[in-house]
Structure formats: structure tokens, C-alpha cells
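Structural overview for review
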Amino acid sequence: MNLNVDGSILGNSNISDFGELIRNADVARVHNFLDNIGYSNIFRAELMTLYHGLRMAWELGIKDLMCYSDSNLQNFSTMRTRRRNYDKDRLSVLPHCLLFQILSHLNVKQAVQTCILSTTWKIIWKDLHVLVLDSSYFKTFQTFTNFVSQIFSLRNHKASLQALKFQSRLGNIEPHLLKTILNYAFSPDLELLHMSMACNIEQFSLSNFSSHTLTSLNLAAYFKNFSRRPIFPNSLKLPALTNLSLNFFAFSCGGGDDGYADPFSAFKSLNTLIIQYCQVLDDKNLSISSVSLVNLTIQLSYHTPYKFELSTPNLCSFYFVGQPFQKLSGRNSYSNLSSIKHVHIVLPNWIRVENIPSILFNWLVELALMESLTISSKTLKILNLIPDSLKIDFPNLLNMKLLKIETHKLSSIPNGMGDFLLQNAPSAKRIIIELSARQIDDYMPNFFCIYFGLICNIHCVYILQKKQKLEE
């Protein structure tokens, strides 16, 4: 069998592609593969195509293979590989720093599978600085949890861990496994931690979590009881944190008597904050206080809306999904919002229209100094419900440079509303973005399908486990 591999880069863009073709002695195609690896260099592109080609041949059961490449990096065209008899192990002579870089772009399952490529690669995955554990690469939840347990058990515990990504969509994580994962979250060199999983709320606690190196934290925890969520502490010690994303968490006032939960003010380096489907306990309000914050995304849930207050003098980008029912400035003056330059407002299809037109109009007044606005035709329709809206004196949005209108039908854009928003910035660019009706309206329904699908999976796993115990 012959394996032809080639990696390439598109012009000066550094966008890399690779492909491989396996042919038999009659030059007939047996198998082929094409893929894109994003921004990279030609050396990595050639190595990745070689790795995928050898792996593809291995999975097809090919024992005798001649590999051809036009690359002169390692004279790949002369390399002949056999499963049990290698002429020369060229992969083992690659520097470890390069091997780590290659494997860091793979999930752990793929990284472990590379042990078939050379003698060095048999153990190098144990020293990886990046662990990506994703249940979507496994057929059953039990297989996935067994694999994760083995990885943490066999990994070189002296090797530093810089990034840990854990994602499970199949079932409830066992307490002992969750404890192991959280222990790794306390690794002294960890810089990135992304966790998305289902578990019991009693198991998920961040009260003792602290790190002086963590810069990116993304947490999404799903529970059978929709009304109960883990509380995100008000005083986490994460001095280096720059990016924070929270899904399905609750905020508490702690012992404060001002009626505001304030969980973010301790993060002195925070740059980007994403809050999705969270809630504030006891019908209190959320204070988002940060001098360093630049990008903010808030996505409210239909069941647990809350009021929030911005104390973010350097905020530049504001993305809001949900039903607006408050003034943005809260207890602060309008000057607190003067730094916001880019705004994106999405109104889901579950909103109640009462009072929204006037609230939206007040938001535009409060955000008078923004330079770009992305808004849907549905939002424009709601603004158009204000009596004689086009005749209102509106001396705002003087700095507007770009207006994006998202719509699934051009005729759904109210006449004159775009001109109304840009009346004080006639030179601003206007872009119409045509989306499908589902893309523009079904933000929340899509999410709930995913969420309740996950809950159903959890219950199915529970029922099957219970049935097996009864049969035993």
C-alpha cells in the first residue's frame, strides 16, 4: 500500500490544510482524508498529515505501507513503516517541545492513541501540559468515566498541568471522579480551567478554590433539580483571572445589607465576563463591579431574571440576551456607561412586550456614546411600538459608525427605524444580516432542548443502572 501525504498553507494567511491518500498496487484509491488545522506553520501541517495518515492506515489494518511526501523537512518520502518492524524511527528524534505542541491540539483520547507511532510517544502523553477530556468521543458514559479515571491514575503527577478542559454530556459524574478533577483544578501551574458537566449540587463546591496562576475559568454545571444551583463565592482568590464564564450558577449577597451580590470585584485583572442562565438568590440584584472589565455578556433566563448594576468604567463591549426590565445605570450616573462602544441586544421569542419599548429606548439614551449597534428587526419592531416614535426628539448616538440589523426577512424591518437611529450620524454604515428565523428567534428554545435532553440522558442512565441492580 502507498500513502501520499501533503500539507499546505494558503498564501501568507498561515491557514493550514492537509490531506492524505492511500492507494493499492493498482493505483486505486483505498481511502482519503482532508482537514483544516487553522493557523499554523508548514512544519506542523506536514507533521499532522503524516500523523493522520499513519493513524488511518493503522485503523484500516494495513501492515505494509510506503509513505510519500514532497516535504524536505525530514525526508519523509524515504520512510517505510511496518507495525512490527520499523526501518527507522524518525518520530522519536523530534524535540519534546514540538511533540507537546502537536499533542496539545488533540483531545486526550487521540493523544493516547499516538503511542502506536513511535517508542517515545508511548509515554509522552503522560507528561502533557494540556488535558482535553470530552465524552463526545466515547460511545457510553461508563467507557468515558473509566478512561478518565485511568488517565488521572497513569499520568505523571510531577508534570505541570497548564490547561484542563473537561466536558461530559452523557451522565452524572461520580463523586470520587469529580473530586479528582477538582483536585487537579488546584494544580499550582494551572492557567486555564474549562468544566462543563452534570453532577449532584452537593458535590460541586468552589468555596476553597484559589489559584495565583489561573487566567481563564469557564464553568457550566447542570443538575437534575432545575431550581437549585451551586453558589459562586463572593471572595475567590484568583488574582490573575482575566476571562470568566459562568453557566447555571447562583449569586448570593453573603452578609451584605445593600441588596446586591458582588462576586466579581475581587478580580482585579478581569477582562472578559460571560454570565449565562444564572440567578441571584432572595430576589436581590447583581453588582458587576470591575475597573478592568472590557467585554461583558449577560444572558438572562426566562425563569430567573434579575436586575444588575454596572460599575465598569472601562467597559467597551456589551452583549445582552433576554428581557430588559431595568435602567442600565442603576444607582450610578450615566457617565458610568460612557466607555461602552459596541452593543449587541437580542430579544428572545419568550419576552413579554409590556413596558419593553420604553425601557429599550432608555437604554439607547443611556448608551448614547456607542459606536456600533447590532440589533434584530424584532427589536426594532418593539421600539416602533412607542407612539409616534419617529417624531421623538432624539439627540443621541452622535458617534455611531456601524448599525447591524439581523433579520430573517427584509420586509420585517420597520420603515424608518434605521434612519431614526442614525439621524445624528448620517455617515454611519448600515448592514443588513439575513439569518434564518430559527437563528434569530430561537436562542432560548435551542438551549432548553439541549438542557432537557441532557437531563433526560441523566435519568436514562439512572434507570438503566437501577434496572441492572434489580436484575442482579
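1. Side note on the nonpolar core
Membership of the largest hydrophobic core comes to 119 residues, with the highest contact counts inside it found for Phe 264 and Ile 288. Tallying contributions element by element places helix 1 (residues 42-59) first for this core, with 7 residues. Apart from residues no more than four positions distant in its own chain, Ile 288 is found in contact with Phe 264, Leu 273, Ile 275, Leu 293, Leu 296, Ile 298, Phe 308, Glu 309, Leu 310, Ser 311 and Thr 312. The next biggest cluster of nonpolar side chains, apart from the first, holds 5 residues, and it includes Ala 198, Ala 220, Phe 248 and Tyr 277.

2. Side note on the confidence of the model for the protein
Counting all residues, the mean pLDDT for the protein is 78, and 77% of those residues have values of 70 or more. Ranking the elements of the protein by mean pLDDT puts strand 5 (residues 80-82) last with 40 and strand 13 (residues 272-276) first with 95. Taken together, the stretch residues 73-87 has pLDDT below 50 and engages in 36 contacts with residues farther than four places along the chain or on a different chain. Contacts of residues 440-472 to residues separated by more than four positions or lying in other chains number 47 contacts, the stretch itself having pLDDT below 50.

3. What to know about the sheet that holds strand 7 (residues 163-172)
Taken in spatial order, the 12 strands make up an open sheet running 6-7-8-9-10-13-16-18-19-20-21-22, and their pairing is parallel. Each of the sheet's edge strands pairs with one partner strand only, and the pair in question is strand 6 (130-134) and strand 22 (429-434). Each neighbouring strand pair of the sheet contributes to a mean axis angle of 5°, computed without reference to strand direction. As paired strands, strand 6 and strand 7 are joined by 5 bridges and run parallel to one another. Directly across from Val 132, in strand 7, lies its bridge partner Lys 165. Against the sheet, helix 5 (residues 141-154) touches strand 6 and strand 7, its axis set at about 150° to strand 7. Of the strands in this sheet, strand 7 and strand 8 (192-198) touch helix 6 (residues 175-185), which is tilted by about 165° from strand 8.

4. Thoughts on the sheet that holds strand 12 (residues 260-261)
Taken in spatial order, the 3 strands of this open sheet run 12-15-17, and their pairing is parallel. The open sheet terminates on both sides in strands that have one partner only, identified here as strand 12 and strand 17 (308-311). In this sheet, strand 15 (residues 285-289) lies alongside strand 12 in parallel orientation, the contact comprising 2 bridges. Looking across to strand 15, one finds that Ala 261 is bridged to Leu 286.

Here is what the cut-offs are and how they apply
- Residues numbered from 1 in each chain as written.
- Predicted model: local features only at pLDDT ≥ 70, side-chain atom pairs only at ≥ 80, totals over all residues.
- Heavy atoms only, no water.
- Core = buried A, V, L, I, M, F, W, Y, C linked by side-chain atoms within 4.5 Å.
- Buried < 20%, exposed > 50% of the residue type's maximum accessible area, 1.4 Å probe, protein only.
- Helix = DSSP H or I, 4+ residues; strand = E, 2+ residues; numbered from the N terminus.
- Contact = heavy atoms within 4.5 Å.
- pLDDT = per-residue confidence, 0-100.
- Pairing = 2+ DSSP bridges.
- Axes fitted to C-alpha atoms, helices over the stretch in contact; angles between N-to-C directions.

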